[in-house]
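Secondary and tertiary structure notes
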Amino acid sequence: MQLHRTDVVDGAIAILDQYGLADLTMRRLAGSLNVQPGALYWHFPNKQALLGAVADRVLEPMDNPVDTGEWSGQISELAHRLRSCLLAYRDGAELVSATYASRLTTSKGRERMASAAIRAGMTREEADLAAFTLLYYVLGQTVDEQARMQMDSAGALEEQNSPLYDTTDATARFDFGLQLFISGVRHLLGTRVR
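The structure contained in this document is the topic of the report that follows. All of these numbers come straight from a predicted model, not from anything done at the bench. Along each chain, numbering runs from 1 in the same order as the chain's sequence is written. A pLDDT threshold of at least 70 governs which residues receive local features in this predicted model, and a stricter bar of 80 or more applies before side-chain atom pairs are shown or counted, although totals over entire chains, interfaces and linings include all residues. Side-chain measures here rest on the full set of heavy atoms in the structure, leaving out hydrogens and waters.

1. Section: the packing of aromatic side chains
Selection criterion: To pair, rings of Phe, Tyr and Trp, with the six-membered ring standing in for Trp, must have centres within 6.5 Å; the planes then decide the type, stacked if under 30 degrees apart, edge-to-face if over 60, and tilted in the middle. The secondary structure listing takes helices from DSSP runs of H or I that are at least 4 residues long and strands from runs of E that are at least 2 residues long, numbered from the N terminus. The buried label applies to any residue whose accessible area, calculated with a 1.4 Å probe on protein chains only, is under 20% of its type's maximum; exposed applies above 50%, and partly exposed to all values in between. Criterion for a charge above a ring: Arg CZ or Lys NZ at most 6 Å from the ring centre, at most 35 degrees from the ring normal.
Counting across every chain of the model gives 2 aromatic pairs. With a centroid separation of 5.7 Å and 25° between ring planes, the pair formed by Phe132 and Tyr136 is classed as stacked. One end of the pair is Phe132 and the other is Tyr136, both in helix 8 (residues 124-153) and 4 residues apart, which spans about a single turn. For the ring pair Tyr137 and Phe174, a centre distance of 5.5 Å and an interplane angle of 20° mean the geometry is stacked. Note that Tyr137 is positioned in helix 8 and Phe174 in helix 9 (residues 170-190), a separation of 37 residues in sequence. Relative accessible area serves as the criterion here: at 23%, Tyr137 is assigned to the partly exposed category. We classify Phe174 as buried; its relative accessible area is 0%. It is Arg28 that lies over the ring of Tyr19; its NZ or CZ is 4.0 Å from the centre. Over the ring of Phe174 we find Arg83, and its NZ or CZ is 5.2 Å from the ring centre.

What follows is the structure, given as structure tokens:
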């Protein structure tokens, strides 16, 4: 059986979902694919490049069309879509955060957020900064959310600290922060002399 690049990414995603990012090793991946570890390096020069490809797969839904025309609706939809992509995979937020930090992902999700901010009236420089701010908000919020869920499922949290007993659910907390961000953009744009 010939090993293809997509087979390697599929195998890595399966390990990510079952064992988590810390246990996604080239040796484990090679074993799950019934190949020698060296066979993986035919498709990826190193583990970091593999993680970038896995992150790109996780983020594929970010490329889908946006359903709303107004800039604030576009930003909101993209932020929620990003959060959904990250939550769809165990340690998804940690993986994507690491690949964004090392510039290994080729996802255009952040650029799409910047484009929506430009449509709102921001300069390119402001839009890029706003998109990074929103990206880091979504990543940070989701890393925390996933970590708490995993700690809770492992029994590592005391009952009163369990996400199950939060008075505000994770989506409501996420929406609150997102609305603060959008309100901040509106305020910034509204203070400009026209």
